[in-house]
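Architecture and fold: a report
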Amino acid sequence: MKKILTITVVLTLSACAQRDVQLNTGGQSTTGQPALHSIHDSQLRLMMDRMDTLMHERFMTETQLDSERRKYAQRIADSAQKLSQTVDTIISKMPSLPLTPSEQTSFLALASKLHDQTGQLYELASRNRLEDINTRLHQINTTCISCHALFREMDN
């Protein structure tokens, strides 16, 4: 009888300890793999926040919507300014790259083009010209892809 009681107590404590380990693993299952919901947790939160925003947009006044558009445009302007600074850094690294004179000319042309485009994006966003931003973003993306197609493998 004592033996059964001891075994029962040990098993109970063991089960409680195992439960504690599962609760403190931050969403890890007993297999060592993250629980499915914790893998997508940040994505789900982002989608729920976006859905919440969409629901509230229906009830915003025109003044509130205009304020949100200005905030959005300012975030784009800030990003364009940071991108322009990054282009300056890329240009400053050019002398250390193993490029032929012809490649240097192409590299500088594309980098200068990107710098101009980011400046134009900054201007559009600063003036709250949201309708023109998509076209400029497409042009920036095309310039980036062109440069990467020519020079990206040299980074590796």
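Everything below is about the structure shown above.
Residues numbered from 1 in each chain as written. Predicted model: local features only at pLDDT ≥ 70, side-chain atom pairs only at ≥ 80, totals over all residues. Heavy atoms only, no water.

1. Comments concerning the overall build of the protein
Each helix and strand in the protein was counted, giving six helices and zero strands. Out of the 156 residues belonging to the protein, those deemed buried represent 15%. Taking all contacts inside the protein whose residues are at least 6 apart in sequence as the whole, residues at least 24 apart take part in 56%. Carbon and sulfur atoms form 58% of the exposed surface of the protein, whose accessible area is close to 12,100 Å². (Helix = DSSP H or I, 4+ residues; strand = E, 2+ residues; numbered from the N terminus. Buried < 20%, exposed > 50% of the residue type's maximum accessible area, 1.4 Å probe, protein only. Contact = heavy atoms within 4.5 Å. Areas by Shrake-Rupley, 256 points an atom, 1.4 Å probe, with all protein chains shown as cover.)

2. Here we look at the nonpolar core
One finds Ile76, Ala77, Ala80, Val87, Leu114, Leu121, Leu124, Ala125, Ile133 and Ile140 forming the largest nonpolar core, which totals 10 residues. Contact partners of Leu114, with chain neighbours within four places excluded, come to Val87, Ile140, Thr143 and Cys144. (Core = buried A, V, L, I, M, F, W, Y, C linked by side-chain atoms within 4.5 Å.)

3. Some words on the pattern of salt bridges
Inspection of the entire model under this criterion finds five salt bridges. Residue Glu131 is joined to Arg129 by a salt bridge in which the shortest nitrogen-to-oxygen separation is 3.7 Å. Linked through salt bridges whose partners overlap, the residues forming this network are Arg129, Glu131 and Asp132. (Salt bridge = Lys/Arg side-chain N within 4 Å of Asp/Glu carboxyl O.)

4. Digging into the packing of aromatic side chains
Aromatic ring pairs are described here by two measures, namely the spacing of the ring centres and the angle between the planes. Under the counting rule described, the total for this entry stands at one aromatic pair. Between Phe107 and Phe151 the ring centres are 5.3 Å apart and the planes differ by 85 degrees, which places this aromatic pair in the edge-to-face class. Taken as a pair, Phe107 in helix 5 (residues 101–126) and Phe151 in helix 6 (residues 130–151) lie far apart in primary sequence, 44 residues in all. The pair formed by Phe107 and Phe151 is uniform in burial state, with each residue classed as buried. (Phe/Tyr/Trp six-rings, centres within 6.5 Å; stacked < 30°, edge-to-face > 60°.)

5. A short note on the state of the cysteines
Under the counting rule described, the total for this entry stands at zero disulfides. No disulfide involves Cys147; its sulfur sits 7.7 Å from the nearest other cysteine sulfur, which is in Cys144. (Disulfide = S-S within 2.5 Å.)

6. A word on the side chain of Ser84
Within the secondary structure, Ser84 sits in helix 4 (residues 62–93). With near-sequence residues (within four places) excluded, Ser84 lies in contact with His115 and Thr118.

7. Observations concerning the packing of helix 5 against helix 6
What describes two packed helices is the angle between their axes and the distance between those same axes. Where helix 5 meets helix 6, the closest approach of the two axes is 10 Å, and the angle between their N-to-C directions is 160 degrees. Put simply, helix 5 runs roughly antiparallel to helix 6. The handedness of the crossing between helix 5 and helix 6 comes out as left-handed. Residues Glu103, Ser106, Phe107, Leu110, Lys113, Leu114, Gln117, Thr118, Gln120, Leu121, Leu124 and Ala125 of helix 5 lie in contact with helix 6, whose contacting residues are Asp132, Ile133, Arg136, Leu137, Gln139, Ile140, Thr143, Cys144, Ser146, Cys147, Leu150 and Phe151. Split by residue class, the contact of helix 5 with helix 6 holds 13 nonpolar, seven polar and four charged. (Axes fitted to C-alpha atoms, helices over the stretch in contact; angles between N-to-C directions. Parallel < 35°, antiparallel > 145°, perpendicular 65-115°, else oblique. Left-handed = near helix turned anticlockwise from the far one by under 90°. Nonpolar A, V, L, I, M, F, W, Y, C, P; charged D, E, K, R; others polar.)

8. Examining unusual backbone geometry
For Asn128, which is not glycine, the phi torsion reads 65 degrees and is therefore positive. Note on placement: Asn128 falls in the loop between helix 5 and helix 6. With relative accessibility at 28%, the residue Asn128 sits in the partly exposed group.

9. Some details on the side chain of Arg136
Among the structural elements, Arg136 can be located in helix 6. Although buried, Arg136 forms no salt bridge, and the nearest oppositely charged side chain, Asp132, lies 8.1 Å from it. Polar side-chain contacts of Arg136 include one of 2.8 Å to the side chain of Gln120. Setting aside anything within four residues of it in sequence, one finds Arg136 in contact with Gln117, Gln120, Leu121 and Leu124. (Lys, Arg positive; Asp, Glu negative; His and termini not counted. Polar contact = N/O pair within 3.5 Å; in protein donor to acceptor, adjacent residues only side chain to side chain.)

10. As for helix 4
Between its terminal C-alpha atoms helix 4 stretches 47 Å, which fits the 46 Å expected from 32 residues at 1.5 Å a residue. Tucked inside the fold, the buried residues of helix 4 contact helix 5 and helix 6. (Expected span 1.5 Å × (residues − 1).)

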